[in-house]
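Commentary on secondary and tertiary structure
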Amino acid sequence: MADKDKSFLREHWLSILLTVLMVVIISAMIWLIATNKEQSPREAALEAFLLTAASGVGSFLITKIYADESYSQSMRDHGVQIASGIMVLKRQIEGLADWVAGKRTMLSSNGSIRGEVDAYLEHVEQTLDGFRGLTEAALGGIAGVIGAALAEYDAVMNQISPD
């Protein structure tokens, strides 16, 4: 049995068990209605009520399982989209930080940089480093939710455009 199937059964075992129980109750009620020729109106109403209640509960449980699975997949997909945007932002911040550091180094080596311009560029570098840290923290938080999907996306992006 695949790991995904085991995980599904482990997560939804109670709902599946209750759904099977509802199917058994519904089958028993149908059998009782079909085989009992002489029943009172009260018995017929009780059987109809139990049949309706069991059908409603079974439908609710199956719908809940489907909705939970669909919601999990949807959240994972949205998380990957958000993470991809943050990863693009992170790469742009890193590129800009490298450009500022290179410009600052070039101006310092030429001796053409003034003290206040160097201070401005240093401030920009520090701000970009802060933004880089924020993007890494955001990706770490998202990775806790979407896990393997983020690692796969990051590996593909690194293959496409290595640093």
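See the structure printed just above.
Quick word on the environment of Lys64
Its place among the elements puts Lys64 in helix α2 (residues 41-110). Through-space distance from the C-alpha of Lys64 to that of Ser15 is 8.5 Å; in sequence the pair is 49 residues apart.

Concerning the pattern of salt bridges
Counted by the stated rule, this structure contains 5 salt bridges. Between Arg104 and Glu125 there is a salt bridge, and its shortest N-O distance comes to 2.7 Å. Of this pair, Arg104 sits in helix α2 while Glu125 sits in helix α3 (residues 115-146), and the two are 21 residues apart along the sequence. The class for Glu125 is buried, based on a relative accessible area of 17%. Between Arg132 and Asp129 there is a salt bridge; the shortest N-O distance is 3.6 Å. Taken as a pair, Arg132 and Asp129 lie in helix α3 at a separation of 3 residues, close to a single helical turn. Take Arg132: its relative accessible area is 21%, and that puts it in the partly exposed class. Residue classification places Asp129 among the partly exposed positions, given a relative accessible area of 35%. Overlapping salt bridges bring together Arg104, Asp118, Glu122 and Glu125 as one network.

Calculation notes
Residues numbered from 1 in each chain as written. Predicted model: local features only at pLDDT ≥ 70, side-chain atom pairs only at ≥ 80, totals over all residues. Heavy atoms only, no water. Helix = DSSP H or I, 4+ residues; strand = E, 2+ residues; numbered from the N terminus. Salt bridge = Lys/Arg side-chain N within 4 Å of Asp/Glu carboxyl O. Buried < 20%, exposed > 50% of the residue type's maximum accessible area, 1.4 Å probe, protein only.

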